Amino acid sequence: MKSHLLPEFFVERIESRCNKCGVCVKQCPWGVFSWDEDGNEILINYEKCVGCQRCVIYCPNKALIVKPYEGSYRPNYYWTKEIILDIKKQAEQGGVILTGTGSDKPYKVYFDHILLNASQVTNPSIDPLREPMELRTFIGRKPDRLEIDPDDFDIKTEISPNLVIETPIMFAGMSYGAISYNAFLSLAMAAKEFGTKFCTGEGGLPRDMREEFGEVAIVQCASGRFGVDPDYLNCACAIEIKIGQGAKPGIGGHLPGEKVSKKISETRMIPEGTDALSPAPHHDIYSIEDLAMLIYALKEATNYEKPVFVKIAAVHNVAAIASGIVRAGADAVVIDGFRGGTGASPKVMRDHVGIPIEMAIAVVDQRLREEGIRNKCSIIASGGIRCSADVVKAIALGADAVYIGTAALIAMGCTMCQKCYTGKCAWGICTQDENLAKRLNPKIASKRLVNLLRGWSLEIKDMLGGMGINAIESLRGNREHLRGVGLEEWELKILGIKGVGEGF
């Protein structure tokens, strides 16, 4: 049938600059550019353009401009262009509309309505260039108290295993399969170089990476149990049980069979070319007691040497869920907000299910404090962390550390075209096409990631110094350093912060 969909983007070529070198034809995996039958002219089919900007950046003469298609329907605040296009797309395809990355709906971004405190006279600021600033963070269960031997001052209290990271930022779970091997390797290399950790996601950890990168890998145990075996668990620094994720709470995952190459099949321990389906629930977890059994089974399998995390989506009763998870024995709770990214999610789930990470951090931290169990776990915030200021605000709201996913992909080259689920990523990140994947050089990509972590860490030190704080530990849950602007009374109450202009 004839498609009724409008193009998303328009590709304009400046003829005076174009020398018909053909770079655009080679760089575009979507078929926007092609040679005519005689090979003398480059044709443009802009209806196929997804706005990845690869052709613009690699055009040697800067002869291309990619911009949103200006054609539209009659303006209507209720029946928007996006809704009309979605209806037309489903009328033509008859399936679920998929999309990548996190929600782009114009909901309120609470991080942007929170301002930080700064010291002035009575509590002077600290100069991070000349005075030590401590960003080292410990992730895991802490004891209620420490018993010290009075003779030799050794610690007598048994300490649970903790992860030690040099900055309160880790790389979120992005599985090998959802992203390319080169992208996956880049995350591991950057984590090792900078002294932090990366999460493998639910796709397992390739055996050729275990010896070198196991010490910085948080391995995931998801409902599909892909790649889970004793060696996988014991080579890692921590284990994460994935219950849910912010981009698609309450539903499972699906890696199409065409993406399950020989190496991915070996890593996930499934037949080559078969769909990798993760059911929505873990079929051995239907209660907190069931979860406790899995947590201790994993601890038993690793000789109680690895902390065990539990990852959940930020949903309406997240505080009560987190409390149960801590009481079940988890060493850290990972909370993934509704802006959490993904390679593929039903658009309706991504945009309409879950709650903002800012609210989730605040209510979980407050609930655990009220119950006297806050020290028994760490809180890791994930889902929409965009900059160093978001990191600082998340920690002041109650997080111990954050995961970054989309920001890490952007650092490697992602331009947010949101077509990850197609496997045609022009930047070699979210693809298993060998010709596309080799476009990403792991050494260069890991260097970009290290630069991002270094830049954010320096900015965090600046913000801490401005608040008169010399250790990230002193900021955790210290909401007196936060003030809300443009927020309703109920929003301030849930966040646990005061409005601007209110003193201590």
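From a predicted model like this one, the values you see are computed outputs, not experimental measurements. (Residues numbered from 1 in each chain as written. Predicted model: local features only at pLDDT ≥ 70, side-chain atom pairs only at ≥ 80, totals over all residues. Heavy atoms only, no water.)

**Student:** Lay out the overall build of the protein chain with the relevant residues and their values.
**Tutor:** When helices and strands are counted, the protein chain shows 16 helices and 21 strands. Taking 504 residues into account, the globule formula puts the C-alpha radius of gyration at 23 Å, and the protein chain, at 24 Å, falls close to it. A total of 504 residues make up the protein chain; the buried ones form 51% of that total. Summarising the internal contacts of the protein chain: among those between residues at least 6 apart in sequence, 69% fall at separations of at least 24. Accessible area of the protein chain: about 23500 Å², with a carbon and sulfur share of 53%. Across the protein chain, the mean location of the 59 positive side-chain charges is 5 Å away from that of the 62 negative side-chain charges. (Helix = DSSP H or I, 4+ residues; strand = E, 2+ residues; numbered from the N terminus. Rg over C-alpha atoms; globule rule 2.2 N^0.38 Å. Buried < 20%, exposed > 50% of the residue type's maximum accessible area, 1.4 Å probe, protein only. Contact = heavy atoms within 4.5 Å. Areas by Shrake-Rupley, 256 points an atom, 1.4 Å probe, with all protein chains shown as cover. Lys, Arg positive; Asp, Glu negative; His and termini not counted. Charge placed at Lys NZ, Arg CZ, Asp CG, Glu CD.)

**Student:** Let's hear about the environment of L43: which residues, and what values?
**Tutor:** You can see L43 is positioned in strand 3 (residues 42-44). Along the backbone, L43 and S323 are 280 residues apart, and their C-alpha atoms lie at a distance of 59 Å. Setting aside chain neighbours within four positions, we find L43 in contact with V32, F33, S34, W35 and D36.

**Student:** Summarise the nonpolar core; cite the residues concerned and give the values.
**Tutor:** Ranked by size, the top nonpolar core spans 129 residues in total, and within it F171, F198, I404 and I429 carry the most contacts. When residues in this core are grouped by element, the largest group, 10 residues, is from helix 15 (residues 442-467). Setting aside anything within four residues of it in sequence, one finds F198 in contact with F171, F184, L187, A188, A191, L205, F213, V216, A217 and I218. Ranked by size, the runner-up nonpolar core spans 15 residues in total, among them A172, C199, I218 and C237. (Core = buried A, V, L, I, M, F, W, Y, C linked by side-chain atoms within 4.5 Å.)

**Student:** Summarise unusual backbone geometry; cite the residues concerned and give the values.
**Tutor:** The phi torsion at T101 lies on the positive side, around 60 degrees, for a residue other than glycine. By secondary structure assignment, the location of T101 is in the loop between strand 5 (98-99) and strand 6 (114-116). The phi dihedral of Q418 falls on the positive side, at around 65 degrees, and the residue is not glycine. When you line up the elements, Q418 lands in the loop between helix 13 (406-412) and helix 14 (434-437).

**Student:** Kindly report on a nonpolar patch on the surface, identifying the contributing residues and their values.
**Tutor:** Together, L146, I148, F153, I155 and I159 make up an exposed nonpolar region whose accessible area comes to about 520 Å². Counting through the fold element by element, I159 comes out in the loop between strand 7 (137-139) and strand 8 (163-165). In this structure I159 comes out as partly exposed when scored by relative accessible area, which is 44%. (Patch = residues over 30% accessible without salt bridge, like charges linked within 9 Å, V, L, I, M, F, W, Y side chains within 5 Å. Salt bridge = Lys/Arg side-chain N within 4 Å of Asp/Glu carboxyl O.)

**Student:** Please provide a residue-by-residue account of the packing of helix 12 (residues 388-397) against helix 15, values included.
**Tutor:** Between helix 12 and helix 15, the least distance of the axes is 9 Å, while the angle of their chain directions is 50 degrees. Here helix 12 is positioned oblique relative to helix 15, judged by the angle of their axes. In the crossing of helix 12 with helix 15, the sense of the turn from one axis to the other is right-handed. The segment helix 12 lies against helix 15, with S388, A389, V391 and V392 engaging W456, E459, I460, M463 and M467. Partitioning the contact of helix 12 with helix 15 into residue classes produces 7 nonpolar, 1 polar and 1 charged. (Axes fitted to C-alpha atoms, helices over the stretch in contact; angles between N-to-C directions. Parallel < 35°, antiparallel > 145°, perpendicular 65-115°, else oblique. Left-handed = near helix turned anticlockwise from the far one by under 90°. Nonpolar A, V, L, I, M, F, W, Y, C, P; charged D, E, K, R; others polar.)

**Student:** How would you summarise the sheet that holds strand 21 (residues 498-499) if you had to cite specific residues and measurements?
**Tutor:** Strands sit in the order 6-20-21 across an open sheet of 3 strands; the sheet is mixed. Edge strands, defined here as strands with exactly one partner in the open sheet, are strand 6 and strand 21. As paired elements, strand 6 and strand 20 (residues 482-484) share 3 bridges and run antiparallel to each other. Paired with L115 across the two strands is R483, which belongs to strand 20. Helix 12 contacts strand 6 and strand 20 of the sheet and is inclined by roughly 95 degrees relative to strand 6. (Pairing = 2+ DSSP bridges.)

**Student:** Provide a residue-level description of the pairing of strand 1 (residues 9-13), including the pertinent values.
**Tutor:** Alternating positions in strand 1 separate cleanly, F9, V11 and R13 being buried on one face and F10 and E12 remaining unburied on the opposite face. Bridging between strand 1 and strand 4 (residues 64-68) involves 5 bridges; their strand directions are antiparallel. Among the inter-strand pairings, R13 is bridged to a residue of strand 4, identified as L64.

**Student:** Provide a residue-level description of helix 4 (residues 181-194), including the pertinent values.
**Tutor:** For helix 4, built from 14 residues, the straight-helix expectation of 20 Å at 1.5 Å per residue is met to within 8% by its first-to-last C-alpha distance of 20 Å. Across the 14 residues of helix 4, 11 count as buried, placing the element largely inside the fold. For helix 4, every residue scored as buried is listed here: Y181, N182, A183, F184, L185, S186, L187, A188, A190, A191 and F194. (Expected span 1.5 Å × (residues − 1).)

**Student:** Break down the packing of aromatic side chains for me, citing the residues and quoting the values.
**Tutor:** According to the stated counting rule, one finds 8 aromatic pairs in the structure shown. Arranged with centres 6.3 Å apart and planes meeting at 25 degrees, the rings of Y46 and Y69 form a pair that is stacked. Here the residue Y46 occupies a position in the loop between strand 3 and helix 2 (54-58), and Y69 occupies one in the loop between strand 4 and helix 3 (81-93), the gap between them amounting to 23 residues. Assessed through its relative accessible area of 26%, Y46 is described here as partly exposed. Judged by relative accessible area, which is 25%, Y69 ranks as partly exposed. An aromatic cluster of three or more residues is present, and its members are Y176, Y181, F184 and F198. (Phe/Tyr/Trp six-rings, centres within 6.5 Å; stacked < 30°, edge-to-face > 60°.)

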